[in-house]
Amino acid sequence: MRRRTLLRAGVVAGTALSIPGAGSASVAAATRQDSYEPLGRVSVDGATEAVVGDAGNVAYLAVADGFATVDVSDPAEPTILAEERGLEADDRPLTDILDVDVDGDRLALVGPAHGTARDVFHGFVVYDVSDPETPEPVTDPYETGYHIHNCYLEDDLLFVVANDEDENPLVIFDVGDGVEEVGRWSLLDREPGWRDVFWRARYNHDVYVRDGIAYVAHWDPGTYLLDVSDPTEPEYVSHVSGTDLEFALLLEGEEAQFGLPGNDHYSAVDDAGDLLAVGREAWATGGDEPDGPGGIDLYDVSDPAEPEFQSSIDAPAAADETYEGGLWTTAHNFEIRGGRLYASWYQGGVTIHDVGDPVNPEELAGWRDPAEAAFWTARVAEPGETFVASSTEMVPNTTIEGALYTFPIEAGEQADPPSLTDPGELETDADEDEAENGTTDGGTSEDADADADTIPGFTAVGAAGAAGGAVALEWLRRRRDGRR
């Protein structure tokens, strides 16, 4: 594929907010809080995925039309260092960016996250972030021709989920000196029967790599473990799945894309590579049981060829568990570190679980504010001290704004957490619209379909606007309604 010249916006300053009750910039002071709560927060417009650099003092966020770097060395006052926005390649925008990954001094930016009919750049750029205040591209924009929902960067290898609406392969690039595709693996080469399933129900959603094993979350087919020790020849090792081909062939429409079982959305392993967690992003569809938000399943993969199911962590229950209900509590992204699972549940908040005994995981701490925060991911910053969690504005029928939160790593309980099951305690945009007009204006499936199709886990593919995809429709709706 041709490589393009990159144009970029300048650095933009941001502001931080210390959370009342944090007590001090020191993490130790957080242990004196009367209840479990954030240490700090900084607004980051368009925030989605967040990752943390090796030193633990800088977080890197995808921000729909680029990325941002945030200093989290003082968890009470996270501070934006740089925002790279409005990026273009060959006069086409790099947009609908929902994922970045960082390894050492390098950061990969991929997109768009969804298929689109718009004339946007499909591909990736690798940056040098040795100075997070002044990121610099080290590769030309590399054009792939397919949309990329997520990626994983390890050493000189970039793993991308290449959704071309046909094979949906995992593709591996060498980005050490320029860019070269070196390997790929397709589910359909191994199990061609899945070709008869609607491509969005066999969506290749995410990839995680540890010690020569790639963990590929492949929606309804399951999570596949691949030996990538030789990246030119990825080989199947095993897989775990909540459904099977025969069952998937019976599902149609919304139930196939948004409902359980299946919906393997994100997977990751612990430090040793022995414990695998698989998050299932799902909503209530009115179909057969199980019908509701997806949780996180734990597997023993100490023998990668023979995964063994251990237990499940259920998603928080909600008064309205549908996609358009304005109250998402399904599992999203997470990290396992030091025997702890740091998980995000959109408006269900963030949690810390002790998974030292994966058969009996124990919740140690949790926090939520469903009217103000919808958490996309949770990542350790300073081991044993702090973690960060990004909050996204993409949930339909809400007025949530993008932000990065910092939290203490300690056991504790939130004082008077807002109810998720009492509809009287949380008024969403959908409630307001229905009360005023008898409809759920803005973010409805009719509005989305006017601009785009839907993709598992997200909505509004191909929408017009700077951000693209689901985030674009939410931005456009809020600007129209005068809410931003």
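Reading the values: the criteria
- Per chain, residues are indexed from 1 in the order of the written sequence.
- Confidence filtering applies because this is a predicted model: local features only for residues at pLDDT of at least 70, side-chain atom pairs given and counted only at 80 or more, and all residues used for totals across whole chains, interfaces and linings.
- Each side-chain value is worked out from all heavy atoms of the structure, with water and hydrogens disregarded.
- Secondary structure counts use DSSP, requiring at least four H or I residues in a row for a helix and at least two E residues in a row for a strand, with both numbered from the N terminus.
- To sort residues, take the accessible area from a 1.4 Å probe on protein chains only and compare it with the maximum for the residue type: under 20% means buried, over 50% means exposed, and anything in between is partly exposed.
- For two strands to count as paired, DSSP must find a minimum of two bridges between them.
- Fitted lines through C-alpha atoms serve as axes, helices being fitted only where they are in contact, and the angles separating the N-to-C directions of these axes extend from 0 to 180 degrees.
- Two rings from Phe, Tyr or Trp (for Trp, the six-membered ring) form a pair when their centres sit within 6.5 Å of each other. Planes less than 30 degrees apart are called stacked, planes more than 60 degrees apart edge-to-face, and all others tilted.
- Lysine NZ or arginine CZ positioned within 6 Å of the ring centre and within 35 degrees of the ring normal marks a charge as sitting over the ring.

Colleague: Hey, could you run me through the environment of A415 in this one?
Modeller: If you trace the backbone, A415 turns up in the loop between β33 (403-408) and α5 (429-437). Taking the relative accessible area as the measure of exposure, A415 reaches 47% and is therefore partly exposed. Through-space distance from the C-alpha of A415 to that of S35 is 5.5 Å; in sequence the pair is 380 residues apart.

Colleague: Honestly, the sheet that holds strand β22 (residues 235-240) in this entry has me stumped. Any pointers?
Modeller: Sheets are built from strands that pair by backbone hydrogen bonding, the pairs being arranged parallel or antiparallel. Reading across from one edge, β19-β20-β21-β22 is the order of the four strands in this open sheet, with antiparallel pairing throughout. Of all strands in the sheet, those with a lone pairing partner are β19 (206-210) and β22, marking the two edges. Going across the sheet, the axis of each strand differs from the next one's by a mean of 20°, ignoring polarity. Both β19 and strand β20 (residues 213-217) contribute to a ladder of five bridges, which runs antiparallel. Its bridge partner being in β20, R210 is matched across the sheet by I213.

Colleague: What's the story with the pairing of strand β32 (residues 386-391) in this structure? I'm lost.
Modeller: Working note: regular strand, side chains alternate between the two faces of the sheet. Among the six residues that make up β32, six are buried, leaving the element largely enclosed by the rest of the structure. Side chains T386, V388 and S390 project from β32 onto one buried face, and the interleaved F387, A389 and S391 project onto a second face that is buried too. Sheet topology note: the strand β31 (residues 375-382)/β32 ladder contains six bridges and is antiparallel. Its bridge partner lying in β32, T377 is registered against S390. Bridge analysis of β32 against β33 gives six bridges, and the strand direction is antiparallel.

Colleague: Just checking my understanding: could you explain the packing of aromatic side chains for this structure?
Modeller: In the structure shown here, the tally under the stated rule is 26 aromatic pairs. Taken together, a centroid distance of 5.8 Å and an interplanar angle of 55° make the contact between W367 and F407 tilted. Placement of the pair is W367 in strand β30 (residues 362-367) and F407 in strand β33, with a sequence separation of 40 residues. Residue classification places W367 among the buried positions, given a relative accessible area of 11%. Joined through ring pairs, the aromatic side chains of Y36, Y342, W367, F375, F387, Y405 and F407 make up one cluster. The positively charged end of R190 is found above the aromatic ring belonging to Y236, 3.4 Å away from the centroid.

Colleague: In this structure, what is going on with the sheet that holds strand β29 (residues 350-354)? I would like to understand it.
Modeller: With antiparallel pairing, four strands are arranged side by side in an open sheet as β27-β28-β29-β30. For this open sheet the edge positions go to β27 (334-337) and β30, each flanked by a neighbour on one side alone. Strand after strand, the sheet turns through a mean of 15° between neighbouring axes, direction not considered. Two elements, β29 and β30, share five bridges in a ladder whose sense is antiparallel. Across the sheet, T351 pairs through a bridge with G366, a residue of β30.

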